[in-house]
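Fold and geometry: a report
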Amino acid sequence: QDGHATETFPIAFHPDGSLVATGDLGGIGRVWDLRTGRAVTTLRGHARQLLSLDFSPDGITLASGSEDHSAIAWDLRARRPLATLPAHRSLVSGVRFCPAGGAVLSTASFDGTIKTWETRTFTLLSVLEGHSGRVMGIDAAADGRSVVSCGWDRTVKVWRDPSDTA
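To keep things clear, this report deals only with the structure shown in the data block. (Residues numbered from 1 in each chain as written. Predicted model: local features only at pLDDT ≥ 70, side-chain atom pairs only at ≥ 80, totals over all residues. Heavy atoms only, no water.)

**Quick word on the overall build of the chain**
A count of helices and strands for the chain gives zero helices and 15 strands. The globule rule puts the C-alpha radius of gyration for 166 residues at 15 Å, and the 15 Å found for the chain is close to it. Counting only C-alpha atoms, the chain reaches 45 × 30 × 25 Å along its principal axes. By residue count, 51% of the 166 residues in the chain fall in the buried class. For the chain, the proportion of contacts with a sequence separation of at least 24, taken over those separated by at least 6, is 33%. Placing the 17 positive and 18 negative side-chain charges of the chain at their respective mean positions leaves the two points 2 Å apart. (Helix = DSSP H or I, 4+ residues; strand = E, 2+ residues; numbered from the N terminus. Rg over C-alpha atoms; globule rule 2.2 N^0.38 Å. Buried < 20%, exposed > 50% of the residue type's maximum accessible area, 1.4 Å probe, protein only. Contact = heavy atoms within 4.5 Å. Lys, Arg positive; Asp, Glu negative; His and termini not counted. Charge placed at Lys NZ, Arg CZ, Asp CG, Glu CD.)

In structure tokens:
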């Protein structure tokens, strides 16, 4: 049976429910076909453990965040990276596509920031600062108008129109 060589940590469902992505502490990602139980794609590009995964709403792109301080946007049809984002000064604890069309990718980090990226060219849109420590988690509202984050500082932040604050 296919599997990871090291412990697995992040997991994400494909929007249509037919695939699931997993990452391991060796930095390898895999995309699994749930109908067959087999890995259909192996993603190699991170130097350290994978900590977060998210599919774009159209299911064509997968974002991964790593302890190596980077995020990678993977083109699942071509089975290669679209962009490698040297996103943060510390590990990337979360990646999340905007559910309303996927035009924005947000990344969260132990460096205390959230960054938003435009997903056509992966240009940095904004840097959101407000946590006094590590950002532990991130999510995006279904309408795409807000991002929420939670931090090691025991706070939850709501960021309205985060891509408009550059």
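**A short note on a nonpolar patch on the surface**
Taken together, the side chains of V148, V156 and V158 make up a nonpolar region of the molecular surface, amounting to roughly 250 Å² of accessible area. Secondary-structure assignment places V156 in strand β15 (residues 156-160). (Patch = residues over 30% accessible without salt bridge, like charges linked within 9 Å, V, L, I, M, F, W, Y side chains within 5 Å. Areas by Shrake-Rupley, 256 points an atom, 1.4 Å probe, with all protein chains shown as cover. Salt bridge = Lys/Arg side-chain N within 4 Å of Asp/Glu carboxyl O.)

**Observations regarding the sheet that holds strand β6 (residues 61-66)**
Reading across the sheet, the four strands line up as β5-β6-β7-β8 and stay open at both edges, with antiparallel pairing between neighbours. Edge strands, defined here as strands with exactly one partner in the open sheet, are β5 (50-55) and β8 (80-85). Shown here is a sheet whose adjacent strand axes are inclined to one another by a mean of 20°, direction ignored. (Pairing = 2+ DSSP bridges. Axes fitted to C-alpha atoms, helices over the stretch in contact; angles between N-to-C directions.)

**Notes on the sheet that holds strand β14 (residues 146-151)**
Pairing within the open sheet is antiparallel, and its three strands lie in the order β13-β14-β15. Looking at strand neighbours, the two that pair on one side only are β13 (135-140) and β15, the edges of this open sheet. This sheet shows a mean twist of 20° between the axes of neighbouring strands, independent of strand direction. Strand direction decides the pairing type here: β13 and β14, joined by five bridges, are antiparallel. Bridge pairing in β14 places V135 opposite G151.

**Remarks on the nonpolar core**
Membership of the largest hydrophobic core is limited to 12 residues, which are A63, A71, A73, A83, L85, A87, V92, V95, F97, L105, W117 and F122. Going through the elements one at a time, β7 (71-75), β8 and β9 (92-97) are the ones with two or more residues in this core. The greatest single-element share of this core, amounting to three residues, is contributed by β9. Residues contacting V92, with those up to four places away along its chain left out, are L51, S52, G65, S66, H69, S70, A71, A87, T107, A108 and S109. Among the nonpolar cores identified, the runner-up in size contains 11 residues, and V31, L53, F55 and W74 belong to it. (Core = buried A, V, L, I, M, F, W, Y, C linked by side-chain atoms within 4.5 Å.)

**Some words on the pattern of salt bridges**
Once their charged atoms are close, side chains differing in charge can pair, the charge on each being opposite to the other. In this structure the tally under the stated criterion is five salt bridges. As a salt-bridge pair, R96 and D139 come within 3.1 Å of each other at their nearest N and O atoms. With R96 in strand β9 and D139 in strand β13, this residue pair connects regions lying 43 residues apart in the sequence. According to the relative accessible area criterion, R96 is partly exposed, its value standing at 22%. With its nearest N and O atoms 3.3 Å apart, the salt bridge here joins E118 to R120. Several salt bridges converge on common partners, so that one network encompasses D54, R96 and D139.

**Considerations on the environment of S146**
By secondary structure assignment, the location of S146 is in strand β14. With a relative accessible area of 11%, S146 lands in the buried category. Spatially, the C-alpha atom of S146 lies 12 Å from that of L105, the residues being 41 residues apart in sequence. Of the polar contacts made by the side chain of S146, one reaches the side chain of R160; its length is 3.2 Å. (Polar contact = N/O pair within 3.5 Å; in protein donor to acceptor, adjacent residues only side chain to side chain.)

**Some remarks on unusual backbone geometry**
Although it is not a glycine, R79 sits at a positive phi angle of roughly 60°. For R79, the location among the structural elements is in the loop between β7 and β8. Given the relative accessible area of 52%, R79 is considered exposed. Phi angles above zero are rare outside glycine, and R154 is one such case at about 70°.

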